[in-house]
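Structure at a glance
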Amino acid sequence: MRRPVGWWRRKSTPAKVETYTRWSFHFFAVAELMSAGLPFVGVLWTGFGLWLPAMMLGHSALCAVTASRALDWTRGRRAQPVGLLWSLSAATALVAVVALLTAVRGTRHEGVPEAAATVFGIALVFGAGVTALGVRQRQWAFAVVSGYSLGAGAVALPIVQNGFASLVAMSVVLIGGAFLAFTAVFSVWLLNSVYELDEARETRTRLAVAEERLRFGRDLHDVMGRNLAVIALKSELAVQLARRGLPNAVQQMIEVQRIARESQREVRAVVRGYREADLGVELSGAQGVLTAAGITCEVSGEVDGLPAEVQSALGWVVRESTTNVLRHGDAGRCSVSLGRTDGHVVLTVENDGAGAGAAAGGGGSGLAGLRERLRGVDGRLEAGFVGAGVFRVVAEVPLTGKIAVREVTS
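All figures in this text were calculated on a predicted structure; none of them were measured in a lab. (Residues numbered from 1 in each chain as written. Predicted model: local features only at pLDDT ≥ 70, side-chain atom pairs only at ≥ 80, totals over all residues. Heavy atoms only, no water.)

A look at the pattern of salt bridges
Formally: Whenever Lys or Arg places a side-chain nitrogen within 4 Å of a carboxyl oxygen from Asp or Glu, that contact is recorded as a salt bridge. Burial classes follow relative accessibility: with a 1.4 Å probe on protein chains only, a residue under 20% of its type's maximum area counts as buried, one over 50% as exposed, and anything between as partly exposed.
All chains considered together, the criterion is met by 12 salt bridges. Residues Arg77 and Asp72 are paired through a salt bridge, measuring 3.9 Å at the closest nitrogen-oxygen approach. Take Arg77: its relative accessible area is 45%, and that puts it in the partly exposed class. Through salt bridges that share partners, Glu18, Arg22, Asp72, Arg77 and Arg78 make up one connected network.

Re the side chain of Arg22
Here is the rule we go by: Counting from the N terminus, the helices are DSSP H or I runs at least four residues long and the strands are E runs at least two residues long. For this analysis, a polar contact is any N or O atom pair within 3.5 Å, provided that within protein one partner can donate a hydrogen and the other can accept it, and provided that sequence-adjacent residues contribute only side-chain to side-chain pairs. Contacts between residues were defined by any pair of non-hydrogen atoms, one from each residue, lying within 4.5 Å.
As for its position among the elements, Arg22 is in helix H2 (residues 13-37). In terms of polar contacts, Arg22 uses its side chain to reach the side chain of Ser68, at 2.8 Å. In this structure Arg22 touches Ser68, Leu71, Asp72 and Arg77, once residues within four positions along its chain are discounted.

Regarding the environment of Glu396
The residue Glu396 is located in strand S5 (residues 390-398) in this model. The class for Glu396 is buried, based on a relative accessible area of 19%. Residue contacts for Glu396: discarding those within four places in its chain leaves His344, Val345, Val346, Gly379 and Arg380.

Concerning helix H6 (residues 138-160)
Rules: Working rule for helices: expected span equals 1.5 Å times residues minus one.
Here H6 spans 32 Å end to end across 23 residues, near enough to the 33 Å set by a 1.5 Å rise per residue. Among the residues of H6, Ala141, Val144, Val145, Ser146, Tyr148, Ser149, Ala152, Gly153, Ala156 and Ile159 are the ones counted as buried. Gln161, located one to two residues past H6, shows a positive phi value of around 55°.

Focus on the side chain of Asp72
If you trace the backbone, Asp72 turns up in helix H3 (residues 47-74). Each residue touching Asp72, except ones within four places of it in the same chain, is listed here: Arg22, Arg77 and Arg78.

Focus on the packing of aromatic side chains
Operational definition: Planes of paired rings set the category: under 30 degrees apart is stacked, over 60 is edge-to-face and the rest tilted, where pairs are Phe, Tyr or Trp rings (Trp by its six-membered ring) whose centres lie within 6.5 Å. As a reminder, the over-ring test applies to NZ of lysine and CZ of arginine, requiring each to be within 6 Å of the ring centre and within 35 degrees of the ring normal.
Inspection of every chain in the model, using the stated rule, returns four aromatic pairs. By the ring-pair criterion, three or more aromatic residues cluster together here, those being Phe182, Phe186 and Trp189. We note Arg75 situated over the ring of Tyr195; from NZ or CZ to the ring centre the distance is 3.8 Å. In this arrangement the basic side chain of Arg319 is found over the ring face of Trp316, its NZ or CZ atom lying 4.3 Å from the centre.

A closer look at unusual backbone geometry
What is expected of a backbone is that most residues other than glycine have negative phi and most peptide bonds are trans. The backbone phi angle of Asp378 is positive, close to 60°, even though this residue is not glycine. Along the chain, Asp378 turns up in the loop between helix H12 (365-375) and strand S4 (380-387). A residue is classified by how much of its surface remains accessible, and Asp378, at 31% relative accessible area, is partly exposed.

A look at the sheet that holds strand S1 (residues 296-300)
Adjacent strands of a sheet pair through backbone hydrogen bonds, lying either parallel or antiparallel. Selection criterion: Two strands are counted as paired when DSSP detects at least two bridges linking them. Every axis corresponds to a line fitted to the C-alpha atoms, with the helix fit spanning only the stretch in contact, and the corresponding angles, defined between N-to-C directions, vary from 0 to 180 degrees.
Spatially, five strands are ordered S1-S2-S3-S5-S4 in an open sheet, and the strand pairing comes out mixed. Strands with a single pairing partner mark the edges of an open sheet, and in this sheet they are S1 and S4. In this sheet, adjacent strand axes meet at a mean angle of 15° when their direction is disregarded. As judged from the eight bridges shared by strand S3 (residues 344-351) and S5, these two strands associate in the antiparallel manner. Its bridge partner lying in S5, Val345 is registered against Val397.

Below is the structure:
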């Protein structure tokens, strides 16, 4: 039982929706076969009671294959199944004509005419609904359903020779085919929307990373641009003074040295600010991002009173864990708790959507980098599965020892 559940949990949300949609279309074929087969239960041992349902079995299988290929086409994975669409249309016409001839001019065995008439309508309705999957625009889908409806009337009128019965057949095919076509087209639209939303979320993540890189680049430019320009000017001035043998060249080079050292300090400050993470900001940001992604996020604990180094290290744990939840899993719930016990501060991040990607992320460079950061504050990190699909990250940092010494000396 664990394997099917694990297979389902490892799928992303779009993949789950696609699997559901695909099997819904396959169920159309099962529903068609059952609807056409049930009327023949009482006449299974007659000739028509055997081979007419057999024709419907082949028609249902063709509908299932066509629906699957059409779904792949809408996702851009294969060419439009034009041949299958024409084959399905031809098979539908054949089954409809044979079923109608059986109902009107075939055996008078009890129940066979009614069952054959049912097959006539069901074949056309399901044929129209599945064929509509293979066209791109709604106008073409409506044209397909209308064509099947007109075809039903064109076949029924010369065989039945009853205008009212032909009109009824057309109406049944039009209404039933339109309902199935609308269901199929709407399902495909919903699937495409889910994929687009997932791509938009990935794009938003990449844009956030790009924006942070641009911010860092602007900060470096602001810090270094002016200082480098001053260094270049003063160096050029020192060269000119040295060529003239003036003692002021030494003073200019001393000034260049001072500006260079000041630039080094400013660059270190920029990098330090980039690498440090504010725990309170990260907790608030994680809750906002996860909630926007449709994941219920609960945050508990107080940040006040924690040393700056501890907040920075734990802030990176929150940031990396949130990224893993968004990119590697399919969580519906995530909890972040911060607590203190026995001179330690403990941060726990737990989510219920861990799959194969999350497990890979757990052993990758992200958590390895977090362990390296936590070692700088005498902390440790544990990450792994604690249940079926539940992944937990626990970071523990002592509030004594080196941290206390650093706080006192600072």
